[in-house]
Amino acid sequence: MQLKLFDDDSQLVLPEDLIEYHPAFLSREDSDRLLEQLLNTVPWQQSKMMMYEKEVLTPRLSAWFGSEPIRSGDQRPVLPWPPALLELKAKVEAHTGIVFDGVLLNYYRDNNDSVAWHSDKDTVPGLKTEVASVSLGEERNFDFRSKDDHRRRYSIRLQHGSLLLMKGDLQRYWEHRIAKATKPMKARINLTFRKVGGTTAPPYIP
Ligand SMILES: O=C(O)CCC(=O)C(=O)O
Ligand SMILES: [Fe+2]
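Definitions and cut-offs
- Residues numbered from 1 in each chain as written.
- Chains lettered and ligands numbered in written order.
- Predicted model: local features only at pLDDT ≥ 70, side-chain atom pairs only at ≥ 80, totals over all residues.
- Heavy atoms only, no water.
- Phe/Tyr/Trp six-rings, centres within 6.5 Å; stacked < 30°, edge-to-face > 60°.
- Helix = DSSP H or I, 4+ residues; strand = E, 2+ residues; numbered from the N terminus.
- Buried < 20%, exposed > 50% of the residue type's maximum accessible area, 1.4 Å probe, protein only.
- Lys NZ or Arg CZ within 6 Å of the ring centre and 35° of its normal.
- Expected span 1.5 Å × (residues − 1).
- Arc of directions from axis to C-beta.
- Contact = heavy atoms within 4.5 Å.
- Donors = N, O, S within 2.8 Å, 3.2 Å for Na, K, Ca; no water.
- Salt bridge = Lys/Arg side-chain N within 4 Å of Asp/Glu carboxyl O.

S.K.: Any details on the packing of aromatic side chains? Residues and values, ideally.
M.R.: A complete count under the given rule lists five aromatic pairs for this structure. Relative to Tyr-107, the ring of Trp-44 lies with its centre 5.1 Å away and its plane at 55°, an arrangement referred to as tilted. With a gap of 63 residues between them, Trp-44 in the loop between helix H1 (28-41) and strand E4 (48-51) and Tyr-107 in strand E8 (residues 102-108) connect regions that are remote in the sequence. With respect to burial, Trp-44 and Tyr-107 carry one shared label: buried. Aromatic pair Phe-142 and Phe-144: ring centres 5.0 Å apart, planes at 85°, arrangement edge-to-face. Comparing Phe-142 with Phe-144, the two get one shared label, buried. Aromatic ring contacts, followed pair by pair, group Trp-81, Phe-100 and Phe-193 into a single cluster. Above the face of the Trp-81 ring, Lys-89 is positioned so that its terminal group lies 5.6 Å from the ring centre. Of note, Lys-91 hangs over the ring of Phe-25, and the distance from its end group to the ring centre comes to 5.5 Å.

S.K.: Tell me about helix H2 (residues 83-96), and name the residues and values.
M.R.: Between the first and last C-alpha of H2 there are 20 Å, a value that for 14 residues agrees with the 20 Å anticipated at 1.5 Å per step. What H2 keeps buried is the set Ala-84, Leu-85, Leu-88, Lys-89, Val-92, Glu-93 and Thr-96. Angularly, the buried residues of H2 cover 165° about the axis, an arc narrow enough to put them on a single face. Across H2 from its buried face, at more than 90 degrees, point the exposed residues Pro-83, Glu-87 and Ala-94. Buried positions along H2 lie against H1, strand E6 (61-66), E8, strand E10 (131-137), strand E13 (162-166) and strand E15 (188-194).

S.K.: Tell me what's going on with the coordination of the iron ion (ligand 2), and back it up with residues and numbers.
M.R.: Taken together, His-118 (NE2), Asp-120 (OD) and His-176 (NE2) make up the protein donors of the iron ion (ligand 2), found 2.0 to 2.1 Å from the metal. Within one chain, the residues donating to the iron ion (ligand 2) are spaced in sequence as H-x1-D-x55-H. Remark: His-176 occurs in strand E14 (residues 174-178) and His-118 occurs in strand E9 (residues 115-118); sequence separation between them is 58 residues. His-118 gets classed as buried once you look at its relative accessible area, which sits at 6%. Taking the relative accessible area as the measure of exposure, His-176 reaches 4% and is therefore buried.

S.K.: Can you break down the pattern of salt bridges residue by residue, with the values?
M.R.: A complete count under the given rule lists 13 salt bridges for this structure. A salt bridge links Asp-74 to Arg-76, with the nearest nitrogen and oxygen atoms 3.1 Å apart. Arg-151 is paired through a salt bridge with Asp-149; the nearest N and O atoms lie 3.1 Å apart.

In structure tokens form, the structure reads like this:
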């Protein structure tokens, strides 16, 4: 089985050892409930980042749940897992067969919120970087581009209740982003389950 990603006029087939997409991972009902609950209960914060030697606010809100910081020096508080996120973690782990120890939540309030081109962690050859990404709310385009050739660029729409699994050398050779959009959009929450403990991979995480 292979996953097809499209852009305007071309088509790419990324092999399943790099990416898997499950559009209906959560039921509509569970997705609606979880979205509402997370919007209302998570202590959302807007982080700062350096851009052209100036400190600016990231164009989205976020929160980190785990047992240690997402990376050393990260300013976000390490929040304890609420029952709803432990339940989702168990479901993601059962589905993927991978054990995660933290989850980063991103809250895109509207079409003006975004995340710039990045990769989550450089894959060390022979050491897998696996990130499981659950999407809730407004559908947004998740763009990929090859680090070697930025013209090789593809997009996938992440649906309400979907699961995207990024694995193998994907982070090593590809970058991803959520671009701002021109049309008005409602809230979207993305949850990326990660492994932060016991890895020697360079810790670049936005
Ligand atoms: O919102 C998304 O789907 C992606 C978020 C992301 O790339 C990240 O948190 O590293
Ligand atoms: Fe990312």
